Structure formats: structure tokens, C-alpha cells
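# Architecture and fold: a report
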Amino acid sequence: MITLSDPDISQLEIESVSEVLRSPRISHGSKVEEFETAFAAFLGRKHAIAVHSGILGLVISLQAKGIGVGDEVIASPYAWHQISHAVSHCGATPVFSEIDYWAGTLDPVKAATKITSSTRALLVGNTNGHPAPWDEFMELSRARGLLLIEDSTEAIASVYKGNPVGSFGDLAIFDFSQPGPLVCGEGGMIVTDDSQLYSAIRQIRNRRQDERFSVIAGVRLPWGCVMSDMTAALGLVQLQRIDRILERRKEVEDFYYDHVRSFEGIKDPYIAQDVDEVHWFLYLIHLGTRFSKSSRDAIIHDLHTEGVEAAAYCQPAHLQPYYQKAGYRKGNFLVTEKVADRVIVLPFHGHLTEDQVGFIVKITKDASLNVGAGSAIY
């Protein structure tokens, strides 16, 4: 089986984790703090808070801002990680808005039409590693007095107008589970420049031993979702090696570009004009408009039969039963549905060879001939 993802783990990571395992401290300790400091410096942010996962990071961030029952958060229905679930976990209401057809990111013009008197925040993602149009969203959040949350669970090191993803929101959320380039089993990171928000999030994340009798810390109930030193040791070395990890993934990306050129009916990866660099979270192919959802699934089935792990990128959030109870229906977001029905995730990681990529693309092309060869792209 050619797997969808395969972490880039070197001997350095193994030695770092082994060192922690041989130490008297494997739970939350100095390694976590070291990872937080390094990650904040990597992004040029003042503060970083390590957590158990990206979705829990968003939950406690929303709680730190007092967002809950009766509040609304505008979010995208289109994503691999359904981080918008965190809004519901807090008792608030996610209000979905349409995406840009080309970039897959939230459309700022359409998002603005969803703002009501109950709206407290904008949850904007760097979808599949492609930065959102941050100038427009920062202007919108300032004009309407809204918290701007940057969902970077699918992105790291991509660059928008000279600045890395994770540096735009009032706070940003990262996730370190597979299949991203920086992985440490499970884990996430919240970054912010707001010292007051940092303090509130940290107190909700966990309570230190010396804070057990603190009147200030005791106002908030902690989740106990801090990262372990084992996880942090792995993440810290991954961060130190991130340039090499991304460089190797770029090589695999180039293999794909070379092999899909002859694939009729496939939309080339799009990069917006204001985006300087994209490091893709996954390698996506967009089938032409004559392909249906069922034909996409048939292609995925053929890939599995040939030993290639593949998947649909997204089941739009508004079509999931939980949100349909809130009144969402098929047809609410036609762009999202059109894109989601025709996107296939192919294996993408630094261990793929050019021959393997050629085999993957050949199987995908052969399978597509049975269900809609020569389809129009748009």
C-alpha cells in the first residue's frame, strides 16, 4: 500500500524522544515550554500555548474570550479538519459561509453578509496550506469589531505578502497530527500577541501546581489538555528540521506537476496573486465538472484496489447530520458542494519516489477514463 501520509522522522527525533523517556519527567515540563518558545519565535509571535489538539486549542481560545451560548462564529464548511466543531462544543453557533472557487478559502465578501448582531468572531482557514486573503479579513474584523481567528491547522510556512501563515489573526491555531509536514503524533499550538488572552488561555488549558490555591487562576476551570514532554520533544526537532521536510515535499510536488500535465480535465493547483508561497497540506486533484461525486468515489475505489491510499478531501460541514439539524441543506453552498464533490486526495509525503508518483497518476488517469474522460475543467 502506498500510504496517504508518512511522517518524516529522522534519528534526531528518535533520540530526542528517547532522552525524555529516560528522564524523570515525561508529562508536561521543560520540553513543552521549549517547544512553545521556539514555535512563537518561528512565527514572530509573542506567545505560544501547546495543547493536545487543534480543535481543543480552539475550544479553550473561544472560552477565554467568553464566546458561548447565543454567540455566532462565521466559518467555512469546507475543510479536512472540521475545526469548526469547536464552536459547537462551546455552545456557540457556527454560521457557515461560501468559499472562493479557486483557492478554497473563505470568501470575505460573502462572509461579510453573514455578520449579525450576534456575531463574535471570524474563523478563517488557510485551506490545504493556501493562505486566505488576510488583508480583507483583517479589515473586516477591525471594521466590525470581531475577533479574527486564523485556522492554520492545514498550513505551516506558507507565505502571504511576505508574512507566514499564523501571523495574521488575533490568535492562530495549528495542529500537529498527520498528514501535515510537522507531526508529533497528536498535538496543537495556539499563538497570539495578546498577553491578556495568552494568560486566560493558559489558565484554561491547565493549572500549575503552584496555582491550585490561586484566586485568579481559580476563576476558570481548566481542561487539562496540555501537551506532554514526549510530544513536545518530537515536535521541537520537527520544527528544527522543517525547512528540509518542506524541501523534500516540494520535490514530490514537482513530481506530481510533471506527471499530471497530460491528465486531461484536471485543474492545476491555484495560487492567488498575493500569495508568495504555498506548502500544500495534501496533494489534491480537482476533477472536471462532468465528473460526479459517484465517479470520484469510483476512482478512489480503483486506487485502493491497486494499493494506493486515496480519499475525498471533504464532506462539507453543512451536509453533516449534526448541522442539518440546525437547518442546513444541500444547495446552501453551491461552490463548496461543486468543489468538494470532485476533489481527490492522493498520497503526499517526503518518502514518495518519482516512480511511485508516476504509478499513482497513471492509475488515477486509467480510472478516470471509465467515468468521464475529456471532461471540461470549469
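For the structure itself, consult the block above.
Residues numbered from 1 in each chain as written. Predicted model: local features only at pLDDT ≥ 70, side-chain atom pairs only at ≥ 80, totals over all residues. Heavy atoms only, no water.

### Brief notes about the packing of aromatic side chains
Operational definition: Only the six-membered ring of Trp is used, alongside the rings of Phe and Tyr, when aromatic pairs are assigned; centres must lie within 6.5 Å, and planes under 30 degrees apart are stacked while those over 60 apart are edge-to-face, with the rest tilted. Secondary structure elements are defined from DSSP: runs of H or I of at least 4 residues count as helices, runs of E of at least 2 residues count as strands, and each element is numbered from the N terminus. Note on classification: 1.4 Å probe, protein chains only; a residue is buried when its accessible area is under 20% of the maximum for its type, exposed when over 50%, partly exposed between these limits.
Summed over all chains, the structure comprises 18 aromatic pairs. Measuring from centroid to centroid gives 5.5 Å for Phe-39 and Phe-176, while their planes differ by 70 degrees, and the two rings are edge-to-face. In this pair, Phe-39 sits in helix α2 (residues 30–43) while Phe-176 sits in the loop between β8 (171–175) and β9 (188–192), placing the two residues 137 residues apart along the sequence. Phe-176 carries the same exposure label as Phe-39, and that label is buried. An aromatic cluster is defined as three or more aromatic residues linked by ring pairs; in this entry it consists of Phe-35, Phe-39, Phe-42, Phe-174 and Phe-176.

### With respect to helix α8 (residues 229–240)
Quick reminder of the rule: Here the expected length of a helix is defined as 1.5 Å per residue gap, with one fewer gap than residues. Here, two residues are considered to be in contact whenever any of their heavy atoms come within 4.5 Å of each other.
Here α8 contains 12 residues, and its C-alpha end-to-end distance of 16 Å stays within 8% of the 16 Å for a straight helix at 1.5 Å per residue. Among the 12 residues that make up α8, 10 are buried, leaving the element largely enclosed by the rest of the structure. Buried within α8 we find Asp-229, Thr-231, Ala-232, Ala-233, Leu-234, Gly-235, Leu-236, Val-237, Gln-238 and Leu-239. Each element contacted by the buried residues of α8 is listed here: α1 (11–21), α2 and α9 (242–260).

### Here's the deal with the sheet that holds strand β4 (residues 119–125)
For clarity, the threshold we go by: A pair of strands is considered paired only if DSSP assigns at least 2 bridges between the two. Helix axes are fitted to C-alpha atoms over the stretch in contact, other axes to C-alpha atoms as well, and angles between N-to-C directions run from 0 to 180 degrees.
Ordered by their spatial adjacency, seven strands build an open sheet running β1-β9-β8-β5-β4-β2-β3, and the pairing between neighbours is mixed. Looking at which strands have only one partner, the edges of the open sheet turn out to be β1 (47–51) and β3 (93–96). The sheet shows a mean angle of 25 degrees between the axes of neighbouring strands, direction not considered. Across three bridges, the pairing between strand β5 (residues 147–151) and β8 is parallel. Across the sheet, Glu-150 pairs through a bridge with Ala-172, a residue of β8. Along the sheet face, α2 touches β1, β8 and β9 and points at about 130 degrees away from the line of β1.

### As for the environment of Ser-97
You can see Ser-97 is positioned in the loop between β3 and α5 (108–112). A sequence separation of 12 residues divides Ser-97 from Val-109, and the C-alpha atoms of the two residues are 9.8 Å apart. Look past the residues within four positions of Ser-97 in its chain and what remains in contact with it is Ile-74, Ala-75, Ser-76, Pro-77, Leu-106, Lys-110, Ala-111, Lys-114 and Phe-333.

### A look at the layout of surface pockets
The gaps of empty space that remain are located by a probe, the size of a water molecule, rolled over the atoms. Counted only if it meets this: For each structure, a 1 Å grid was placed over the protein atoms alone; sets of points admitting a 1.4 Å probe that cannot get out are labelled cavities, open sets with protein on both sides within 12 Å along at least five of seven lines are labelled pockets, and lining residues have an atom within 4 Å of a point. Grid points are joined across faces, edges and corners, and a volume is the space filled by probe spheres set on the points. Gly is placed with the polar residues, together with every amino acid not listed as nonpolar (Ala, Val, Leu, Ile, Met, Phe, Trp, Tyr, Cys and Pro) or charged (Asp, Glu, Lys and Arg).
Approximately 230 Å³ is the volume attributed to the largest pocket. Looking at the largest pocket, it is lined by 18 residues, and the ones nearest its centre are Asp-100, Ala-103, Pro-133, Tyr-270 and Ala-272. Broken down by class, the residue content of the lining of the largest pocket amounts to 11 nonpolar, three polar and four charged.

### Quick look at unusual backbone geometry
The linkage connecting Gln-178 with the following residue, Pro-179, adopts the cis geometry, with an omega of 15 degrees. Positionally, Pro-179 belongs in the loop between β8 and β9. Even without a glycine there, the phi angle at Ala-157 is positive, about 75 degrees. Topologically, Ala-157 is positioned in the loop between β5 and β6 (159–160). A residue is classified by how much of its surface remains accessible, and Ala-157, at 16% relative accessible area, is buried. Positive phi is not limited to glycine here, since Lys-161 has a value of about 50 degrees.

### Observations regarding the pattern of salt bridges
Close approach of charged atoms allows side chains of opposite charge to pair. Inclusion rule: For this analysis, a salt bridge means a side-chain nitrogen from Lys or Arg found within 4 Å of a carboxyl oxygen belonging to Asp or Glu.
Taken as a whole and assessed by the stated rule, the structure comprises 16 salt bridges. One salt bridge in this structure joins Asp-8 and Arg-241, with 2.9 Å as the shortest N-O distance. With Asp-8 in the segment before α1 and Arg-241 in the loop between α8 and α9, this pair connects stretches of sequence that are 233 residues apart. Accessibility assignment for this pair places Asp-8 and Arg-241 in one class, buried. Close ionic contact of Glu-253 with Lys-250 constitutes a salt bridge, the shortest N to O distance being 3.4 Å. Placement of the pair is Glu-253 and Lys-250 together in helix α9, with a separation of three residues, close to one helical turn. For Lys-250, a relative accessible area of 23% gives the class partly exposed. One network of salt bridges, with partners in common, ties together Arg-244, Glu-247, Arg-248 and Glu-251.

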